[in-house]
Amino acid sequence: METKKYIEQSLYKGKVNVKFFPDSHQYWIDGKRKTGTTTYLSIIDKSSALVGWAVDLALNYLREPRITRMESSYVITEEDLYQASIQHTIKKMEAANIGTISHDWIEKYIDSLTVAPKYRKVPEMPETKEVQIAVNAFLDWEKANDVKFLSSERLVYSKKHDYIGTLDIEAKVNGKLCLIDIKTSNNIYNNYALQTAAYLKADEEESGKKYKGRWIIRLAKETKKEYEQRMDRKNLDRARKGITTFTPPPYQVFEARYLDEEECIDRDFKAFLAAKALYTWDRQTNFYVQKA
């Protein structure tokens, strides 16, 4: 039997039928492809951090053979330069890091509580030390904040503003209905606030619910050793450029941050709609996009 290649979900009391294709990350409604929330937010320039990350990978790749083969007077070749230039692509395609493994465990854990609680089977504890730390920190956060998981991995769509996405987690946190989004990254970035506001408003529009806040759960992609090495290289490069070095913050494999101490949902949603409008304008007026 052929495996179903898409996830199907009915919204707005059966009036909207959504198909999501995970492999291509495409959303379709009534035979029309819809633009996802994260695609709209791609209009926000994040290149400064990404360029620095890519350059750091290239430099580290070129440094390594010179360190290990210094006695043979190793000379950097043209092939070395090419390999250095594609390290950022290779890094993205590598096997799952500690963050993605932790994320997968948490998804399975929440499914055991919400999808089939009668047949609850908690996933086995991972073997990797950093993943165990992340998972246990998540369980400690769940207990400390009286978290009651209600649903996860739901498709949400705004008919009013015509955007779509996948909501990570819906839960009661300290008695308040909250949206929780899990990110595998080494920092919490401000565009996460726009993304979660969009998901929240779409779900409120369709369901009539009223959320009280949003949480970001961050799971680090790198180990403590990798983090410390990256910070050491940053300080080395700063010193070479004559820039003051800094004391890096402590390594955190798990971080939970509440986004709405000052009721920022409406502000963040307006910013998302502005990004959506800018993305749409860019697609409609960009000569190269139109030509393609």
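Residues numbered from 1 in each chain as written. Predicted model: local features only at pLDDT ≥ 70, side-chain atom pairs only at ≥ 80, totals over all residues. Heavy atoms only, no water.

With that out of the way, let us pick up empty space enclosed by the protein. To find the voids left in a structure, one rolls a probe of water-molecule size over its atoms. Tallying each qualifying case throughout the model produces 1 cavity of 30 Å³ or more. Estimated volume of the largest cavity: approximately 30 Å³. Along the walls of the largest cavity sit Glu-107, Ile-110, Ser-152, Glu-153, Asp-168, Ile-169 and Ile-182, which together make up its complete lining. Among the residues making up the lining of the largest cavity, the classes are represented as 3 nonpolar, 1 polar and 3 charged. (1 Å grid on protein atoms, 1.4 Å probe; cavity = no way out; pocket = protein on both sides within 12 Å on 5 of 7 lines; lining within 4 Å. Points joined across faces, edges and corners; volume = space filled by probe spheres on them. Nonpolar A, V, L, I, M, F, W, Y, C, P; charged D, E, K, R; others polar.)

Residue-level pLDDT values for the chain average 88, and 91% of them are 70 or greater. Model confidence for the chain, summarised as mean pLDDT per element, is weakest for helix 10 (residues 287-291) at 71 and strongest for helix 7 (residues 191-207) at 97. (pLDDT = per-residue confidence, 0-100. Helix = DSSP H or I, 4+ residues; strand = E, 2+ residues; numbered from the N terminus.)

Under the 1.5 Å per step criterion, the end-to-end length of helix 8 (residues 224-240) is 24 Å for 17 residues, consistent within 8% with the ideal 24 Å. Residues of helix 8 that are buried: Tyr-227, Arg-230, Met-231, Arg-233, Asn-235 and Asp-237. (Expected span 1.5 Å × (residues − 1). Buried < 20%, exposed > 50% of the residue type's maximum accessible area, 1.4 Å probe, protein only.)

The final tally for this structure, using the stated rule, is 16 aromatic pairs. Centroid distance Trp-141 to Trp-215: 5.2 Å. Interplanar angle 70°. Geometry classified as edge-to-face. Of the two residues, Trp-141 sits in helix 6 (residues 129-144) while Trp-215 sits in strand 8 (residues 213-219), which places them 74 residues apart along the sequence. Summarising the burial analysis for this pair, Trp-141 and Trp-215 share the class buried. Ring centres of Tyr-163 and Phe-269 lie 6.4 Å apart, and the angle between their planes is 55°; this geometry places the pair in the tilted category. Note that Tyr-163 is positioned in strand 6 (residues 163-173) and Phe-269 in helix 9 (residues 265-285), a separation of 106 residues in sequence. (Phe/Tyr/Trp six-rings, centres within 6.5 Å; stacked < 30°, edge-to-face > 60°.)

Right, let's get into the nonpolar core. Ranked by internal contacts, the top residues of the largest apolar core, which has 25 residues, are Phe-138, Trp-141, Phe-149 and Ile-180. Only helix 5 (98-114), helix 6, strand 6, strand 7 (176-184), strand 8 and strand 9 (254-258) provide two or more residues apiece to this core. Counting residues in hydrophobic clusters, the runner-up holds 19 residues, among them Tyr-40, Ala-198, Leu-200 and Phe-272. (Core = buried A, V, L, I, M, F, W, Y, C linked by side-chain atoms within 4.5 Å.)

The next point concerns the pairing of strand 6. Counting buried residues along strand 6, 10 of its 11 residues qualify, which places the element largely inside the surrounding structure. Inspection of the sheet shows strand 5 (residues 148-158) paired to strand 6 by 9 bridges, in the antiparallel sense. Along strand 6, the bridge assignment pairs Leu-155 with Thr-166. Between the end of strand 5 and the start of strand 6, which pair antiparallel, lie 4 residues, with Asp-162 showing a positive phi angle near 55°. Bridge count between strand 6 and strand 7: 5 bridges; the pairing is antiparallel. (Pairing = 2+ DSSP bridges.)

A word on unusual backbone geometry. For residues besides glycine, phi is generally negative; the peptide bonds are generally trans as well. Residues other than glycine seldom take positive phi values, yet Lys-13 does so here, at roughly 55°. By the element assignment, Lys-13 lies in the loop between strand 1 (7-11) and strand 2 (16-21). Take Lys-13: its relative accessible area is 85%, and that puts it in the exposed class. Phi is positive for Asp-146, which is not a glycine, with a value near 50°. Along the chain, the position of Asp-146 falls in the loop between helix 6 and strand 5.

Running from N to C, helix 5 and helix 6 point in directions that differ by 40°, and their axes come no closer than 9 Å. If you check the angle between helix 5 and helix 6, you find them oblique. Judged by the sense of rotation from one axis to the other, the crossing of helix 5 with helix 6 is right-handed. Across from Ile-98, Ile-101, Ser-102, Trp-105, Ile-106, Tyr-109, Ile-110 and Leu-113 in helix 5, the residues of helix 6 making contact are Glu-130, Val-131, Ala-134, Val-135, Phe-138, Leu-139 and Glu-142. Split into classes, the residues belonging to the contact of helix 5 with helix 6 amount to 12 nonpolar, 1 polar and 2 charged. (Axes fitted to C-alpha atoms, helices over the stretch in contact; angles between N-to-C directions. Parallel < 35°, antiparallel > 145°, perpendicular 65-115°, else oblique. Left-handed = near helix turned anticlockwise from the far one by under 90°. Contact = heavy atoms within 4.5 Å.)

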